[in-house]
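Coordinates in review
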Amino acid sequence: MINRIGAKVWKSDMNRFYVDPPDGGTAFIRDAEQLHHLKNVLRLKVNDAVAAFDGEGNEYTGNITAIEKNQAVIKVASSRPARRSRFKVAIACAVPKGERMDDVIDQLTQLGVERIIPLMTERVVVRLDDAKKEARLERWQKIAKSAAVQSRRNTLPVIEPVTGFSDAVPLFRDYDLKLIPHLEGERRLIRDVLADCSPKSIVILIGPEGDFTPGEVKLALESGFIPVSLGDTVLRVATAAVAVGSYLKFALGE
């Protein structure tokens, strides 16, 4: 049952939307897909109570005061900051074929990954021109918003533009722990590496189906990355990215 009296308390079953940070106690839903969902799927009305989050860690409740063609207006009744994660996790993932990266973005968002970098490595099969890269980034950002709404996450991951391997490696200069799973040579298990340190920021590079090239591994190791193994089986790109994200979520107590 929809609360039409006033959103004074937090309820887990409230319909939830992404909004820009409220201005003067008023928030706006302007995203076309969310607006369609509000109007035509949920059929919400003026005075209905809703919950919202701004992607920066803040959550709100309020009541709809207007539903217009291009926006819905919410009068904020209460707000609270979200619990901040104690860890910063980044995953740089080689872009797989087809639409599998969509699933990677969706699931890593649900798992609380703070930063996602789509990687172009030497053995990536997909080739994207600038227009396609821009279109994909826009789509991935929409997927992340939807996944955050569904999973009740109050922050949005930073999704970087598609980045070449040699350009991506220096981005993580200040991370406490840098890992590169690959298939050859001496490697450690992630759990053993974590047992030896207490990192506050972690980045993991996920390679393509054919693994990183020796040159890419050499560049990563020279930049402070630790070679690790994900086990005896060879995982597909999307599986490896989500498996790593899941493991870190639980291993770090998140």
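Residues numbered from 1 in each chain as written. Predicted model: local features only at pLDDT ≥ 70, side-chain atom pairs only at ≥ 80, totals over all residues. Heavy atoms only, no water.

On the surface, a cluster of negative charge is made up of D129, D130, E134 and E138. Secondary-structure assignment places E138 in helix α3 (residues 130-151). Relative accessible area serves as the criterion here: at 46%, E138 is assigned to the partly exposed category. (Patch = residues over 30% accessible without salt bridge, like charges linked within 9 Å, V, L, I, M, F, W, Y side chains within 5 Å. Areas by Shrake-Rupley, 256 points an atom, 1.4 Å probe, with all protein chains shown as cover. Salt bridge = Lys/Arg side-chain N within 4 Å of Asp/Glu carboxyl O. Lys, Arg positive; Asp, Glu negative; His and termini not counted. Charge placed at Lys NZ, Arg CZ, Asp CG, Glu CD. Helix = DSSP H or I, 4+ residues; strand = E, 2+ residues; numbered from the N terminus. Buried < 20%, exposed > 50% of the residue type's maximum accessible area, 1.4 Å probe, protein only.)

Where charged atoms of side chains with opposite charge meet at close range, the side chains can pair. All told, the structure shown has eight salt bridges when counted by the stated rule. Salt-bridge contacts for K218 lead to E222; the nearest nitrogen and oxygen are separated by 2.5 Å. With K218 and E222 both in helix α6 (residues 214-222) and four residues apart, the pair spans about one turn of that helix. Judged by relative accessible area, which is 51%, K218 ranks as exposed. We classify E222 as exposed; its relative accessible area is 55%. It is possible to trace a salt-bridge network through shared partners that takes in R16, E59 and R80.

Counted according to the given criterion, the structure contains three aromatic pairs. Measuring from centroid to centroid gives 5.6 Å for Y18 and F53, while their planes differ by 65 degrees, and the two rings are edge-to-face. Taken together, the positions of Y18 in strand β1 (residues 16-18) and F53 in strand β3 (residues 49-53) put the pair 35 residues apart, joining distant regions of the chain. F53 gets classed as buried once you look at its relative accessible area, which sits at 0%. Consider the rings of F165 and F212, whose centres lie 5.4 Å apart with planes at 55 degrees: the pair is tilted. Note that F165 is positioned in helix α4 (residues 165-168) and F212 in the loop between β12 (201-206) and α6, a separation of 47 residues in sequence. The side chain of K88 reaches across the aromatic face of Y175, ending 4.9 Å from its centre. (Phe/Tyr/Trp six-rings, centres within 6.5 Å; stacked < 30°, edge-to-face > 60°. Lys NZ or Arg CZ within 6 Å of the ring centre and 35° of its normal.)

Let us now look at unusual backbone geometry. Although it is not a glycine, N47 adopts a positive phi angle of roughly 85 degrees. Assignment of secondary structure puts N47 in the loop between α1 (32-41) and β3. With a relative accessible area of 45%, N47 lands in the partly exposed category. Phi at R152 is positive, roughly 60 degrees, even though this residue is not glycine. Counting through the fold element by element, R152 comes out in the loop between α3 and β8 (158-159).

What follows covers the confidence of the model for the chain. Here the chain averages 89 in pLDDT, while 94% of its residues score no lower than 70. Below a pLDDT of 50 lies the segment residues 1-8, which in the model reaches 19 contacts outside its immediate sequence neighbourhood of four places, other chains included. (pLDDT = per-residue confidence, 0-100. Contact = heavy atoms within 4.5 Å.)

Attention now moves to the packing of helix α2 (residues 100-110) against helix α7 (residues 237-251). Two elements in contact, α2 and α7, have axes separated by 9 Å at closest approach and are oriented at 5 degrees. Between α2 and α7, the angle falls in the class roughly parallel. Along the contact surface, α2 presents R100, V104, Q107 and L108, while α7 presents A238, A241, V242 and G245. For the contact of α2 with α7, the per-class residue count stands at five nonpolar, two polar and one charged. (Axes fitted to C-alpha atoms, helices over the stretch in contact; angles between N-to-C directions. Parallel < 35°, antiparallel > 145°, perpendicular 65-115°, else oblique. Nonpolar A, V, L, I, M, F, W, Y, C, P; charged D, E, K, R; others polar.)

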